[in-house]
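Per-entry structural report
Next come the chains, spelled out residue by residue.
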Amino acid sequence: MPLRGLVPDIVAYTTLIDGFCKAGRLQEAEKLFYEMQDCGQLPSVLTYAVILDALCSNQQLSKAIELLREMKDKKLELNIVVYTIIIEGLCKAGKLDSAVEFFSCLSSNRVQPNVMSYTVMIQGFCKGGLLSEAEKLLREMGEKGCPPDHYPRIVK
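Residues numbered from 1 in each chain as written. Predicted model: local features only at pLDDT ≥ 70, side-chain atom pairs only at ≥ 80, totals over all residues. Heavy atoms only, no water.

For the rest of this paragraph, the subject is the pattern of salt bridges. Pairing between side chains becomes possible if they bear opposite charge and their charged atoms approach one another. Tallying each qualifying case throughout the model produces nine salt bridges. Across the pair K74 and E70 runs a salt bridge whose closest N-O atoms are separated by 3.4 Å. Among the residues examined, K74 registers a relative accessible area of 40% and is labelled partly exposed. Among the ionic pairs, K136 bridges to E133, the shortest N-O distance being 3.7 Å. Separated by three residues within a single helix, K136 and E133 lie in helix α8 (residues 131-143), roughly one turn from each other. With a relative accessible area of 46%, K136 lands in the partly exposed category. Note on E133: relative accessible area 29%, which makes it partly exposed. (Salt bridge = Lys/Arg side-chain N within 4 Å of Asp/Glu carboxyl O. Buried < 20%, exposed > 50% of the residue type's maximum accessible area, 1.4 Å probe, protein only. Helix = DSSP H or I, 4+ residues; strand = E, 2+ residues; numbered from the N terminus.)

Shown next, in the form of C-alpha cells:
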C-alpha cells in the first residue's frame, strides 16, 4: 500500500481495515492487516480487535482464536474488549462451554470483567437455556461492584 514511498501509520491502517470489515470485505481487510506488518507497521490491540470482531461475526472462530494466540505470543496486553469479542463470538456460535472457559480465565489473565462482558455471558447462558447460571452471574455482577447498566439488554 505504500504510495510514493509514504507508508500509512497505524491509525490509517486500522481505519482502512475497519472500513473493509464493516463493508463485508474481510478478505481484503486481512490482506491489508498482513501487508501493514510487511511495511513495518505493527498492529495495535485495537487493530487486532477490529479483525477479531470481523472474524467472529463471520463465524471464523478458529481463525479468531488463532489470532488471539498470536497476540499472546507477541506479548500484547490483551484487554477486556478483546476477550469480550471472543466470548461473544463463542456464545453466538453456541460454543457456551468454550465461552465459559474464556470468561473463567479472565482474572488469571489479569483482566477484570466489565458490564459488557458480564452481559454477553449472561445472554449466552439465557440463549443456552441455562437460566440459573445467568441468574448466578447477574448476582455476581452486583457483588463485584459491577451493576448492570440496562436490564433489558441483558434479558434480550
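We note that Q59 has phi near 55°; this positive angle belongs to a residue other than glycine. Checked against the element boundaries, Q59 lands in the loop between α3 (45-57) and α4 (61-73). Although it is not a glycine, R110 adopts a positive phi angle of roughly 60°. Along the chain, the position of R110 falls in the loop between α6 (96-104) and α7 (115-127). According to the relative accessible area criterion, R110 is exposed, its value standing at 78%.

Between its terminal C-alpha atoms helix α1 (residues 10-22) stretches 18 Å, which fits the 18 Å expected from 13 residues at 1.5 Å a residue. Looking at the buried residues of α1, the elements they touch are α2 (26-38) and α3. At the N-terminal end of α1, a side-chain oxygen is found 3.2 Å from the backbone nitrogen of V11, two or three residues along, and the residue is D9. Following α1 by one or two positions, G24 adopts a phi angle in the positive range, close to 80°. (Expected span 1.5 Å × (residues − 1). Contact = heavy atoms within 4.5 Å. Polar contact = N/O pair within 3.5 Å; in protein donor to acceptor, adjacent residues only side chain to side chain.)

In this section: the packing of helix α5 (residues 80-92) against α6. Contact geometry of α5 with α6 gives a least axis separation of 7 Å together with a crossing angle of 160°. One way to sum up the angle between α5 and α6 is to call them roughly antiparallel. Judged by the twist between their axes, the crossing of α5 over α6 is left-handed. Along its contact with α5, which presents Y83, I86, I87, L90 and C91, the element α6 presents L96, S98, A99, F102 and F103. Here the residues of the contact of α5 with α6 are counted per class, giving nine nonpolar, one polar and no charged. (Axes fitted to C-alpha atoms, helices over the stretch in contact; angles between N-to-C directions. Parallel < 35°, antiparallel > 145°, perpendicular 65-115°, else oblique. Left-handed = near helix turned anticlockwise from the far one by under 90°. Nonpolar A, V, L, I, M, F, W, Y, C, P; charged D, E, K, R; others polar.)

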